[in-house]
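Inside the fold
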Amino acid sequence: MLGTIVNCTTIVCGSLIGSALKKGIPERYKETLIQGMGLAAIALGLNSALSRMPESDFPVLFIASLALGGLIGEILNLDSLFQKGLSKISVGNSNLSEGLSTAILLFCVGTLSILGPMQSALQGDNTFLYTNAMLDLVTSMVFAANYGFGIAFAAVVLFFWQGFFYCFAHLIADFVTGSLLTELSIIGGILIFCSGLGILGIKKIRTVNYLPALLVPAAYIGLLQLFQ
């Protein structure tokens, strides 16, 4: 868990630095920084999705996953529940819930945050997690400079997210195939792209409602393996 602890620590440190600089950064600079993060999110999301699509063994699975996962999320009203939960720690900053939800997606929904803890558990290699830590340090600084120290709460979510994959890596080692990681990267990339659109104010998408889409490929590929 060392890599995960380092990753979470960098988010807290980045949030501290960013929130400390918040009052000293002119508003137009903050706007430029957050727009830069929006553009970066779009670029990262597109790269993650488009680079892995040619590798997919199930070319239309991500479409079905987004449709089914989005429907499940809408029925459960996950976005509303998430916003209500965040509102409890958003006192004095009405924009924190928006920034925190985006930060959590950027920190958690990505190949490094999924494959990293698995590689750490199975091979003792923290390279992916250390790389992710450096990226999250910069991201948390920018987000905290705009939304405040509350962004550090994302570290708690990230700890349980990566901890889950770390603790169960040995048990599901045979199940976590390259095909599954490819599908997760495609869907995760699309969700990050949607977050970027929200940051730039182009289109507000209830991205949290689409998180169940990440479970659909696991269920589908798991059933295929079960009946093989």
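Look up: the structure comes first, before these words.
Anyway, here's the lowdown on the structure attached to this text. This one's a predicted model, so the numbers in the text were calculated from it and none came from an experiment.

Definitions and limits used
- Residues numbered from 1 in each chain as written.
- Predicted model: local features only at pLDDT ≥ 70, side-chain atom pairs only at ≥ 80, totals over all residues.
- Heavy atoms only, no water.
- Salt bridge = Lys/Arg side-chain N within 4 Å of Asp/Glu carboxyl O.
- Helix = DSSP H or I, 4+ residues; strand = E, 2+ residues; numbered from the N terminus.
- Buried < 20%, exposed > 50% of the residue type's maximum accessible area, 1.4 Å probe, protein only.
- Core = buried A, V, L, I, M, F, W, Y, C linked by side-chain atoms within 4.5 Å.
- Contact = heavy atoms within 4.5 Å.
- 1 Å grid on protein atoms, 1.4 Å probe; cavity = no way out; pocket = protein on both sides within 12 Å on 5 of 7 lines; lining within 4 Å.
- Points joined across faces, edges and corners; volume = space filled by probe spheres on them.
- Nonpolar A, V, L, I, M, F, W, Y, C, P; charged D, E, K, R; others polar.
- Axes fitted to C-alpha atoms, helices over the stretch in contact; angles between N-to-C directions.
- Parallel < 35°, antiparallel > 145°, perpendicular 65-115°, else oblique.
- Left-handed = near helix turned anticlockwise from the far one by under 90°.
- Phe/Tyr/Trp six-rings, centres within 6.5 Å; stacked < 30°, edge-to-face > 60°.

1. A short note on the pattern of salt bridges
- Throughout the structure, instances matching the rule amount to two salt bridges.
- The salt bridge involving Glu 55 is made with Arg 52; its shortest N-O contact spans 2.9 Å.
- We note a salt bridge from Glu 74 to Arg 206, for which the minimum N-O separation is 3.2 Å. Of the two residues, Glu 74 sits in helix H3 (residues 61-76) while Arg 206 sits in the loop between helix H9 (178-199) and helix H10 (215-226), which places them 132 residues apart along the sequence.
- The partly exposed category is assigned to Arg 206, whose relative accessible area is 45%.

2. A word on unusual backbone geometry
- A positive phi angle, close to 55°, is found at Asn 77, a residue other than glycine.
- With respect to the helices, strands and loops of the structure, Asn 77 is situated in the loop between H3 and helix H4 (78-87).

3. Thoughts on the nonpolar core
- With 21 residues, the main nonpolar core has Leu 100, Phe 107, Phe 143, Tyr 147, Ile 151 and Leu 158 as its most contacted residues.
- When contributions to this core are tallied by element, the ones reaching two or more residues are helix H1 (2-21), helix H2 (27-52), helix H5 (96-108), helix H7 (127-147), helix H8 (154-167) and H9.
- Apart from the residues within four sequence positions on either side, Phe 107 is in contact with Ile 11, Ser 113, Asn 132, Asp 136, Thr 139, Ser 140, Ala 154 and Leu 158.
- Membership of the second largest hydrophobic core comes to 20 residues, among which are Leu 66, Ala 121, Leu 180 and Ile 190.

4. What to know about the layout of surface pockets
- By volume, the largest pocket amounts to about 570 Å³.
- Lining the largest pocket are 24 residues; nearest its centre among them are Trp 161, Phe 165, Leu 211, Leu 214 and Leu 215.
- Looking at the lining of the largest pocket, the elements with two or more residues in it are H4, H5, helix H6 (111-123), H8, H9 and H10.
- Looking at the lining of the largest pocket, its residues break down into 23 nonpolar, one polar and no charged.

5. Quick notes on the packing of H3 against H9
- Axis separation between H3 and H9 bottoms out at 10 Å; the angle between their running directions is 55°. One element, H3, and the other, H9, form an angle in the oblique class. H3 and H9 meet at a crossing whose hand is right-handed. Across the interface between the two elements, Leu 61, Phe 62, Ser 65 and Leu 66 of H3 pack against Glu 183, Ile 186, Ile 187, Ile 190 and Leu 191 of H9.
- Its residues assigned to classes, the contact of H3 with H9 shows seven nonpolar, one polar and one charged.

6. Quick word on the side chain of Thr 207
- Among the structural elements, Thr 207 can be located in the loop between H9 and H10.
- Apart from the residues within four sequence positions on either side, Thr 207 is in contact with Leu 105, Leu 191, Cys 194 and Ser 195.

7. Quick word on the packing of aromatic side chains
- Counted by the stated rule, this structure contains five aromatic pairs.
- Considering the side-chain rings of Phe 159 and Phe 160, the 5.7 Å spacing of their centres and the 85° angle between planes classify their relative orientation as edge-to-face.
- You can call Phe 160 exposed: its relative accessible area is 60%.
- Within the aromatic cluster, the residues linked to one another by ring pairs are Trp 161, Phe 164 and Phe 165.

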